[in-house]
Amino acid sequence: MKPLKHTLRLLASVVMLSSVSWSLPDLPDGSVVFDDEVEMAFDLWFSKIFKAAPQFSKTLKPKVFLIAHHTVNAGAGAGGQFAIFSGLFKQCETIEEFMGVIAHEIAHVKGSHMIRGEQAASQNMLVAAIAFALGGVAALASGDMAPLIAGLSGGSGMYMGSVLKHTRDLETQADADAVDLLTRAGIPATGLLSFLQKLEKLYRSPDVNPYHQTHPLTSDRISALKDRIATLSIPVWSDREQWQSLYTHVRAKILAFTLRPKEVLNLFKGDSAETHMARAIALGRQNQTEEAIRELEKAIQKRAHDPFILEIKAQLLLDKRDVNGAITSLEKAISMNPKRSIYLKLSLAHLLTEKGNNPDKALGILKEITQRSSEGNEFGWYLLGKAYAQKGLPGHALWASAEYDLRQGDIKASEAKLKRVKGYLSTEPDLKIKMGDSKVDLREEKEARES
């Protein structure tokens, strides 16, 4: 079991853009967002830079967390963990700018520019990132929880000072390494420069810009970056148009869900698929469902084979309580992208269990979801218990509920339910193997807590 899940529960909401509610989600500040399309895009973008440093990319696989917050910031943690704040997308208008920021953060990981403890644990990266979002303090990953807890209070001068001093000493080196990474990846490094110059113009005082606090900007730093870029030949990015198209689409989606609806409507104007999609999301969040659907249909006309626009349509149909229509839309979306659609499938399984008239189909989906180790699928265990109950398998339902409790950090409840499951072994014999696996999970969770 991964303690990360308990960390999320304590410090922030876990929100899926594939909604498990009956409407488009409002994302509170500090929410950690899980979404199929966003995760696929992050995998693509980060992998391109990681491949430019094969000496460490073979041992590290990037894990990226999107945090819903207006802050223009990003952070790198030990072990290839990264936090990207949604506010970054408002200032990064081009793929070159965003890839520049990514390369800078990867450079920190490559150079081990973070505080290290005995373990490089991903949950600490998230604690640090969420601490910044909720308490105004930015942190890097640490094996020592004490400074991170201090960061949550937002009042530790020693904590803030040590982090800022650490980053001031390393930002220029990270810039230089980022330029090298971008060049090897065939991406112009001018995007990183334009992003930093943009921030300097936008925020004259470092006191009002969180990115200044965690990534201190100075005229010397920007000058050094200019000089380094000037010595290199700017690479020709042959498939840049495709990368920009994807970035434009994902950026519009993230901003549509995280900015205020009125701001979204003012920001996105025109006749592109992304504009219509963003406006539809904003209108849906304002409960203008019919107008939102009309706007989204314009996006669908331009991107007819986009499963994630159909996902948004399903959410809007749920606003109208058109469950059958939403199910049809989700099924069509999943058929377009069957391999990487865990949260789409979770939404579909939710609707099927709510209707309760097709437990076999719901069970098929939920068994696949719960066998994966992805964060954010705990809700699948809850639904699995409900689907088993609808199927008339109370022992299985109790077992799934115990697994859900375990993933929520409630060891006592999980252990109590597993003991009760023994009473169903005679009528549901295939529970025996499941029970064995659950006991192993329970033991590992206890040992992890004791250590």
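Keep in mind that what you see is a predicted model, and the values were worked out from it rather than measured.

Colleague: So what exactly am I meant to see when it comes to the overall build of the protein chain here?
Modeller: Counting its regular elements, the protein chain contains 24 helices and five strands. Of the contacts made within the protein chain by residues no fewer than 6 positions apart, 64% connect residues no fewer than 24 positions apart. With an accessible surface of roughly 19200 Å², the protein chain has 51% of that area assigned to carbon and sulfur atoms.

Colleague: Sorry if this is basic, but what is going on with the packing of aromatic side chains here?
Modeller: Describing an aromatic ring pair means giving the distance of the ring centres and the angle of the ring planes. Taken as a whole and judged by the stated rule, the model has 16 aromatic pairs. Centre to centre, the rings of Phe42 and Phe98 are 6.5 Å apart; their planes meet at 15 degrees, and the pair counts as stacked. Of this pair, Phe42 sits in helix 2 (residues 36-50) while Phe98 sits in helix 5 (residues 95-110), and the two are 56 residues apart along the sequence. Neither residue differs from the other here; Phe42 and Phe98 are each classed as buried. Residues Phe98 and Tyr247 carry aromatic rings whose centres are separated by 5.4 Å and whose planes lie at 35 degrees to one another, so their mutual orientation is tilted. Pair noted here: Phe98 is in helix 5 and Tyr247 is in helix 13 (residues 240-258), with a separation of 149 residues, a long-range link.

Colleague: What's the story with the nonpolar core in this structure? I'm lost.
Modeller: Among soluble globular proteins, nonpolar side chains are generally buried collectively. The biggest cluster of nonpolar side chains holds 119 residues, and the ones touching the most others in it are Phe42, Trp45, Ile49, Phe98 and Met99. Filtering out sequence-adjacent residues up to four positions away, Phe98 remains in contact with Phe42, Trp45, Ile84, Leu88, Phe89, Cys92 and Tyr247.

Colleague: Help me out: how do you make sense of the side chain of Thr71 in this one?
Modeller: For Thr71, the location among the structural elements is in the loop between strand 3 (63-68) and strand 4 (74-77). Reaching out from Thr71, the side chain makes a polar contact with the side chain of His69 at a distance of 2.5 Å.

Colleague: What is the right way to read helix 21 (residues 378-391) from this model?
Modeller: An α-helical segment advances 3.6 residues per turn. Residues three or four places apart therefore align on the same side. The end-to-end C-alpha separation of helix 21 is 20 Å, in line with the 20 Å expected for 14 residues at 1.5 Å each. For helix 21, the complete set of buried residues consists of Glu378, Gly380, Trp381, Leu383, Leu384, Gly385, Ala387 and Tyr388. With its phi angle positive at about 85 degrees, Gly392 sits one or two positions after the end of helix 21.

Colleague: Before we go on, may I ask you to explain the environment of Ile187 in this structure?
Modeller: Relative to the elements of secondary structure, Ile187 occurs in the loop between helix 9 (171-184) and helix 10 (190-202). Beyond its immediate sequence surroundings of up to four residues, Ile187 is in contact with Lys48, Ile49, Met99, Leu182, Pro235 and Trp237.

Colleague: Whenever I open this one, the pattern of salt bridges confuses me. Can you help?
Modeller: Should the charged atoms of two oppositely charged side chains come close, the side chains can pair. Applying the stated criterion across every chain yields a total of 21 salt bridges. Close ionic contact of Glu37 with Lys253 constitutes a salt bridge, the shortest N to O distance being 3.0 Å. Placement of the pair is Glu37 in helix 2 and Lys253 in helix 13, with a sequence separation of 216 residues. A relative accessible area of 6% places Glu37 in the buried class. Glu331 is paired through a salt bridge with Lys361; the nearest N and O atoms lie 2.3 Å apart. With Glu331 in helix 18 (residues 323-336) and Lys361 in helix 20 (residues 359-370), this residue pair connects regions lying 30 residues apart in the sequence. Owing to a relative accessible area of 28%, Glu331 belongs among the partly exposed residues under this scheme. A single salt-bridge network, built from bridges that share partners, covers Asp35, Glu37, Lys253 and Glu311.

Colleague: It is not clear to me how the packing of helix 10 against helix 12 (residues 219-230) should be interpreted in this structure. Could you clarify?
Modeller: Helix packing geometry: the angle between the two helix axes and the distance between the axes. Packing of helix 10 against helix 12 brings their axes to within 10 Å, and their N-to-C directions diverge by 155 degrees. Judged by the inter-axis angle, helix 10 sits roughly antiparallel to helix 12. Between helix 10 and helix 12 lies a crossing whose hand is left-handed. On helix 12, the residues touching Thr190, Leu192, Leu193, Leu196, Gln197 and Glu200 of helix 10 are Arg221, Ile222, Leu225, Lys226 and Ile229. Grouping the amino acids of the contact of helix 10 with helix 12 by side-chain chemistry returns six nonpolar, two polar and three charged.

Colleague: What is the right way to read the environment of Ala299 from this model?
Modeller: Along the chain, Ala299 turns up in helix 16 (residues 289-302). With relative accessibility at 0%, the residue Ala299 sits in the buried group. Taking the C-alpha atoms as reference, Ala299 lies 5.7 Å from Met277; in sequence the two are 22 residues apart. Excluding anything up to four places from it in sequence, Ala299 contacts Ala273, His276, Met277 and Ile309.

Colleague: What is the right way to look at helix 9 in this model?
Modeller: Relative to the 20 Å expected for 14 residues at 1.5 Å per residue, helix 9 spans 20 Å between its end C-alpha atoms, a close match to the ideal helical length. Among all positions in helix 9, only Glu171, Ala174, Asp175, Ala176, Asp177, Ala178, Val179, Leu181 and Leu182 are buried. Positive phi shows up at Gly186, right after helix 9, with a value of about 80 degrees.

Colleague: Is there a simple way to think about the packing of helix 19 (residues 342-355) against helix 21 in this case?
Modeller: With their axes 10 Å apart at the nearest point, helix 19 and helix 21 run at an angle of 30 degrees to one another. Classed by the angle they form, the pair helix 19 and helix 21 counts as roughly parallel. In the packing of helix 19 onto helix 21, the handedness of the crossing is left-handed. Here Leu346, Ala349, His350, Thr353 and Glu354 of helix 19 lie close against helix 21, whose contacting residues are Phe379, Gly380, Leu383, Lys386, Ala387 and Gln390. A per-class count over the contact of helix 19 with helix 21 returns five nonpolar, four polar and two charged.

What counts and how
- Residues numbered from 1 in each chain as written.
- Predicted model: local features only at pLDDT ≥ 70, side-chain atom pairs only at ≥ 80, totals over all residues.
- Heavy atoms only, no water.
- Helix = DSSP H or I, 4+ residues; strand = E, 2+ residues; numbered from the N terminus.
- Contact = heavy atoms within 4.5 Å.
- Areas by Shrake-Rupley, 256 points an atom, 1.4 Å probe, with all protein chains shown as cover.
- Phe/Tyr/Trp six-rings, centres within 6.5 Å; stacked < 30°, edge-to-face > 60°.
- Buried < 20%, exposed > 50% of the residue type's maximum accessible area, 1.4 Å probe, protein only.
- Core = buried A, V, L, I, M, F, W, Y, C linked by side-chain atoms within 4.5 Å.
- Polar contact = N/O pair within 3.5 Å; in protein donor to acceptor, adjacent residues only side chain to side chain.
- Expected span 1.5 Å × (residues − 1).
- Salt bridge = Lys/Arg side-chain N within 4 Å of Asp/Glu carboxyl O.
- Axes fitted to C-alpha atoms, helices over the stretch in contact; angles between N-to-C directions.
- Parallel < 35°, antiparallel > 145°, perpendicular 65-115°, else oblique.
- Left-handed = near helix turned anticlockwise from the far one by under 90°.
- Nonpolar A, V, L, I, M, F, W, Y, C, P; charged D, E, K, R; others polar.

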